Every structure is written in structure tokens, then in C-alpha cells.
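Each chain, written out:
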Amino acid sequence: MNRVKTEIDLKKAVATAKTEHRSIGFVPTMGALHEGHLSLVRASRRNCDFTVVSIFVNPTQFNEPQDLLQYPRTLEQDLELLEEEGCQIAFFPGVEEVYPNGKGEAPVFDFGSLESKLEGAHRPGHFKGVGQVVARLLEMVQPDTLFLGQKDYQQYLVLKMLVDEILKAPIEVVLCPIVREPDGLAMSSRNKLLRVDQRKDAIELSKTLLWIKENLDAIHPLELKEGAVQRLRNVKSIVSVDYIEIADAETLEPCDTLPKAGFAGLALGAIQMEDIRLIDNVRL
Ligand code: AMP
């Protein structure tokens, strides 16, 4: 595996692969890698000839300074895991490499109503930052396929819009399923920050989303959402429920009436456990 820190070295390595007509798969991450990330790396290894994984904790997508400060960083361990997975390039640039003209000069993309609901409503500017870093990484990597996790479903919709409608880039965007702990908790780098009691309570989020799925035919969506929020508010370590939503899978528009046959939607939720924020979703 090639360990690369600069744009020049990255472009050189990718150019060699391209002259050999190898298809390039790209997995952007913020590191502190777990099985969820590795499932994307494996999908890229299966579908493409050459896999590039980036590890970059992007400052422009953090709306809470404390969240950025405490975000877990485990670079050496991450590099070993990527080596074991047979990844061809691990790209871990510094902030100056990603934003050579300064963070303030990065382009600002408009994702319409997608960026102001759910995660966007609770994390102002978050998707602008995600768009900036992924656009820049795509410019450097020039992949054929981009692999993203369903865990961050709204981010997937934003990035699909970035690739297809804004950049109009010939890049296929592949969505990979959520990888969970044996008890159902969606894997997340932030899980590493949970205390034992918080970790125990954290599974209530996925359990509650599954409860919505199981009762979708029997209970009105507005009642389901209300019931889900109440359930979560009763859990000791959950200090607040940012949102629970039942939404259309394409637009994330809320579904406030009994869903019709063939409804393709998701139940999505976000909770706060002290200063650790967890999100999850299930397909309905
Ligand atoms: P992050 O490092 O959190 O920015 O995530 C990098 C990529 O891994 C994103 O596309 C995430 O959606 C994906 N990812 C994170 N957690 C999981 C998971 N539990 N299952 C599947 N994909 C995940």
C-alpha cells in the first residue's frame, strides 16, 4: 500500500493506475476506522481494480468546535487496517494540502432544501463543509466510483447531487448498507467516545427506529414519531433527541400521513449523549 500525504504524490500514483486502465474506487473517511468503513473498502476492492481511501478530519464540516477537538484519531492503526484490506493508496493529507488557498476560499455549493433539513437543521453549515471536502478530494483522486455508507444517508443524497447535478462528473456513486454491532448499534467512530453506561443506552436509537418499522402499518406516522421521541427521552443517558423522522427516501420530505403501498422511505434519528451525537436510520 502506498502511503501518501501530498496531492502531487497522490496524482502520480493514480495516474500510473489510469495508464494501466485500472478502474479507481474511492472511499473518503475521517479515520478511526471500523468495520463500517472497511465494508466500503471491500466493496471498492470487489468492484474496482484500484482502491484509494482518504483519511482526513475535515474542519469545515464541524459546526461544534468541541466535536472537532474530541474526534478520535487513530492514524497508525487505520493504516495497518487498510494495508490488511489490500487498499492500494491511503491518502492522509494535512489541512493545507486540502485547502491550499485557505479554508475560507473553498467553493460553496447549494444543495437546496436537502441541506437545511434533519442533519442540516441541527448542524448549520455541515453539508456545505462536506460538499467542499468531497469536491476537492474528487478533484484530486478522479475516481470512477465513489463508495458511501447508508449510515449517513442524507450525506449520500447531498453527495449524489454534488456528483450528478453540480459537478456533472462521470463518477458512479455506490451506497453500502449500515454495518452494526451485534446488539444493533450502528458502527460509528464516535462510539469510541461513549462511556459504558452511554454505550448500553445507545442501542435504544436503533431499537426505536426498528419499532417504527414494525408498527408502520398499524400506527399513524405522527403518533409513531411522537412515541419514538418519548421512548428515547425516557432513556437515562440520552440528554436530547434532535429529531426522529419518517421520510421519503429520495427527497427526505417528511411523511405525515399513512404511507401508501410501495412507500420507499426511511426512519431517521439523531440523539445527543452529553457531547456525543449519534445518528442512525432504517429503510422502511
Ligand atoms: P466517516 O469517517 O464517519 O466520515 O465515514 C466515512 C464513510 O463511512 C461514510 O460514507 C459513512 O457513511 C461510512 N460509514 C460510517 N459508518 C458506517 C457504518 N456503520 N456502516 C456503513 N458505512 C459507514
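All values reported here derive from a predicted model rather than from experimental measurement. (Residues numbered from 1 in each chain as written. Predicted model: local features only at pLDDT ≥ 70, side-chain atom pairs only at ≥ 80, totals over all residues. Heavy atoms only, no water.)

An account of the nonpolar core is needed here, citing residue identities and associated values.
Formed by 48 residues in total, the largest nonpolar core has its most connected members in Leu 10, Val 52, Ile 89, Leu 146 and Leu 252. Among residues more than four places away in sequence, those in contact with Leu 146 are Phe 26, Pro 28, Leu 138, Val 163, Ile 171, Glu 172, Val 173 and Val 174. If you look at the next biggest cluster of nonpolar residues, it comprises 24 residues, including Ala 202, Val 229, Val 235 and Leu 278. (Core = buried A, V, L, I, M, F, W, Y, C linked by side-chain atoms within 4.5 Å. Buried < 20%, exposed > 50% of the residue type's maximum accessible area, 1.4 Å probe, protein only. Contact = heavy atoms within 4.5 Å.)

Outline the site of the ligand, supporting the account with residue identities and numerical values.
Near the ligand, the surroundings consist of 17 residues, among which Met 30, His 37, Asp 152, Val 179 and Met 187 are the closest. At 2.8 Å, a side-chain N or O of His 37 approaches an oxygen atom of the ligand. Within the backbone of Val 179, a nitrogen or oxygen atom sits 2.9 Å from a nitrogen atom of the ligand. Out of a free accessible area of 490 Å², the ligand has 93% covered by protein chains. (Near = heavy atom within 4 Å. Polar contact = N/O pair within 3.5 Å; in protein donor to acceptor, adjacent residues only side chain to side chain. Areas by Shrake-Rupley, 256 points an atom, 1.4 Å probe, with all protein chains shown as cover.)

Break down unusual backbone geometry for me, citing the residues and quoting the values.
Phi is positive for Leu 252, close to 65 degrees, though the residue is something other than glycine. You can see Leu 252 is positioned in the loop between β7 (240-248) and β8 (265-273). We classify Leu 252 as buried; its relative accessible area is 1%. Phi is positive for Glu 274, close to 50 degrees, though the residue is something other than glycine. (Helix = DSSP H or I, 4+ residues; strand = E, 2+ residues; numbered from the N terminus.)

Mind laying out the pattern of salt bridges, listing which residues take part and the relevant values?
Taken as a whole and judged by the stated rule, the model has 24 salt bridges. One salt bridge in this structure joins Glu 83 and Arg 3, with 3.2 Å as the shortest N-O distance. Taken together, the residues Glu 83 in helix α4 (residues 75-85) and Arg 3 in strand β1 (residues 2-4) connect sequence positions 80 residues apart. A salt bridge links Glu 253 to Lys 117; its shortest N-O distance comes to 2.7 Å. Here Lys 117 lies in the loop between α5 (95-98) and α6 (119-122) and Glu 253 lies in the loop between β7 and β8, a separation of 136 residues in the sequence. A single salt-bridge network, built from bridges that share partners, covers Glu 7, Lys 11, Arg 136 and Glu 139. (Salt bridge = Lys/Arg side-chain N within 4 Å of Asp/Glu carboxyl O.)

Give me the lowdown on helix α10 (residues 221-233), citing residues and values where you can.
The terminal C-alpha atoms of α10, which comprises 13 residues, lie 18 Å apart, in line with the 18 Å expected from a rise of 1.5 Å per residue. All of the buried residues along α10 are Pro 221, Leu 224, Lys 225, Ala 228, Val 229 and Leu 232. Along the axis of α10, the buried residues cluster in a sector spanning 130 degrees; they form a single face. Among the exposed residues of α10, those oriented more than 90 degrees off its buried face are Glu 223 and Arg 233. (Expected span 1.5 Å × (residues − 1). Arc of directions from axis to C-beta.)

Spatial relationships are all this shows, so hold off on functional conclusions.
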